[in-house]
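Residues per chain, in single letters:
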Amino acid sequence: PRPRNAWMIYRSEKWKALLGRQPSGTVLKQADISRIIAEDWANEPEAVRVEYERKARAVKEEHARMYPDYKYTP
């Protein structure tokens with residue numbers, strides 16, 4: 001498996017918060033969730049983006065330790 005990047009980590013965290021804000025009985029499609037969170041991501045201050053990039057680097061380093069021979073092949 002590939003390590004998660006900054007956007008993936010951000011989306012995962014925000015998705016949980018978004019679920020708590022939606023009205024009871026409302027179901028959002030994954031595409032709608034991604035669109036809403038992408039708008040949030042675009043409006044985040046640079047400091048927030050830097051923090052998620054730091055988290056992504058840590059995930060990537062841990063991934064490299066767990067899978068030293070991993071090579072991404074699309």
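For every chain, the first residue of the written sequence is number 1, and numbering continues from 1 onward in sequence order. Selection of residues for local features in this predicted model requires a pLDDT of at least 70, selection of side-chain atom pairs for listing and counting requires 80 or more, and totals for whole chains, interfaces and linings are taken over all residues. Side-chain calculation: all heavy atoms of the structure are included, whereas hydrogens and water are not.

1. Overview of helix α1 (residues 6–21)
Right, on to step 1. With 16 residues, α1 should reach 22 Å at 1.5 Å per residue; the first-to-last C-alpha distance of 23 Å fits that figure.
Right, on to step 2. When accessible area is computed with a 1.4 Å probe and restricted to protein chains, residues below 20% of their type maximum are described as buried, those above 50% as exposed, and intermediate ones as partly exposed. Secondary structure elements are taken from DSSP: a helix is a run of H or I of four residues or more, a strand is a run of E of two residues or more, and numbering for both begins at the N terminus. All of the buried residues in α1 are Ala6, Ile9, Tyr10, Arg11 and Leu18.
Right, on to step 3. We call two residues in contact when some of their heavy atoms are within 4.5 Å. Its buried side turned inward, α1 meets α2 (30–43) and α3 (46–66).
Right, on to step 4. Any pair of N or O atoms that falls within 3.5 Å is considered a polar contact. Within protein, one atom must be able to donate a hydrogen and the other to accept it, and sequence-neighbouring residues count only if both atoms are side-chain atoms. Sitting at the head of α1, Asn5 places a side-chain oxygen 3.1 Å from the backbone nitrogen of Trp7. Here the expected length of a helix is defined as 1.5 Å per residue gap, with one fewer gap than residues.

2. A word on the pattern of salt bridges
Right, on to step 1. The salt bridge criterion pairs a side-chain nitrogen of Lys or Arg with a carboxyl oxygen of Asp or Glu, the two atoms within 4 Å. One pass over the structure, following the stated rule, counts 6 salt bridges.
Right, on to step 2. Measuring nitrogen to oxygen at the nearest pair gives 3.6 Å for the salt bridge that ties Arg35 to Glu39. With Arg35 and Glu39 both in helix α2 and 4 residues apart, this pair spans about one turn of that helix.
Right, on to step 3. Look at Glu39 and you get partly exposed, because its relative accessible area is 43%.
Right, on to step 4. The partner of Glu51 in a salt bridge is Arg54, with the nearest N and O atoms 2.6 Å apart. Taken together, the residues span about one helical turn, with Glu51 and Arg54 both in helix α3 at a distance of 3 residues.
Right, on to step 5. Given a relative accessible area of 33%, Glu51 falls into the partly exposed group.
Right, on to step 6. Residues participating in the shared-partner salt-bridge network are Asp32, Arg35 and Glu39.

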